[in-house]
Amino acid sequence: QVQLMESGGGLVQAGGSLRLSCAASGSILSIKAMDWYRQPPGKQRELVATITAGGSTIYTDSVKGRFTISRDNAKNTVYLQMNSLKPEDTAVYYCRVVDFASTYWGQGTQVTVSS
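Residues numbered from 1 in each chain as written. Predicted model: local features only at pLDDT ≥ 70, side-chain atom pairs only at ≥ 80, totals over all residues. Heavy atoms only, no water.

Asker: Can you lay out the pattern of salt bridges for me, pointing to particular residues and giving the numbers?
Answerer: In this structure the tally under the stated criterion is five salt bridges. Measuring nitrogen to oxygen at the nearest pair gives 2.6 Å for the salt bridge that ties Asp35 to Arg96. Taken together, the residues Asp35 in strand S4 (residues 31-39) and Arg96 in strand S9 (residues 91-99) connect sequence positions 61 residues apart. A relative accessible area of 21% means that Arg96 is categorised as partly exposed. Two residues, Glu46 and Arg38, come together in a salt bridge whose shortest N-O distance is 2.7 Å. Linked by salt bridges that have partners in common, Arg38, Glu46, Arg66 and Asp89 make up one network. (Salt bridge = Lys/Arg side-chain N within 4 Å of Asp/Glu carboxyl O. Helix = DSSP H or I, 4+ residues; strand = E, 2+ residues; numbered from the N terminus. Buried < 20%, exposed > 50% of the residue type's maximum accessible area, 1.4 Å probe, protein only.)

Asker: Quick one: what's the story with the state of the cysteines, residue by residue and with numbers?
Answerer: Under the definition given, this model contains one disulfide. Here Cys22 is linked by a disulfide to Cys95, with a sulfur-sulfur distance of 2.0 Å. Judged by the sign of its S-S torsion, about 45 degrees, the bond between Cys22 and Cys95 is right-handed. Remark: Cys95 occurs in strand S9 and Cys22 occurs in strand S3 (residues 18-26); sequence separation between them is 73 residues. Neither residue differs from the other here; Cys22 and Cys95 are each classed as buried. (Disulfide = S-S within 2.5 Å.)

Asker: Now, about the nonpolar core: what can you tell me, with residues and values included?
Answerer: For soluble globular proteins, nonpolar side chains are generally found buried alongside one another. By size, the foremost hydrophobic cluster in this structure holds 29 residues, and its most contacted members are Trp36, Leu80, Met82 and Tyr93. Of all the secondary-structure elements, those providing two or more residues to this core are strand S1 (2-7), S3, S4, strand S5 (46-52), strand S7 (67-72), strand S8 (77-82), S9 and strand S11 (109-114). (Core = buried A, V, L, I, M, F, W, Y, C linked by side-chain atoms within 4.5 Å.)

Asker: Could you give an account of unusual backbone geometry, with specific residues and numbers?
Answerer: A positive phi is found at Asn76, a non-glycine position, where the angle reads about 50 degrees. Along the chain, Asn76 turns up in the loop between S7 and S8. A relative accessible area of 26% places Asn76 in the partly exposed class. Although it is not a glycine, Ser84 sits at a positive phi angle of roughly 50 degrees. Considering the arrangement of structural elements, one finds Ser84 in the loop between S8 and S9.

Below, the structure written as structure tokens:
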């Protein structure tokens, strides 16, 4: 069984920064990709950023230049550095890990950006 433990969410003023972490543990096979999604209040979940096993990254347009996704393969951990935060970044942020067996989701961490 695989567990994802997220941390780093909280309340921050607009323009501030937060760093999210997601550590995967358990019976993980070779990881193919690690992602961050978010779900704003009353809206659908959306992909924020992806990092592949090879280190390639993809970002949704609204966070390009402000967010950076990275990973520590030795620790099976993915990070999301969020800078210049805006009120519209307020959401529950979820990490997702895809290995060769399945897809796993974290429990979510709340990020609230005040104006």
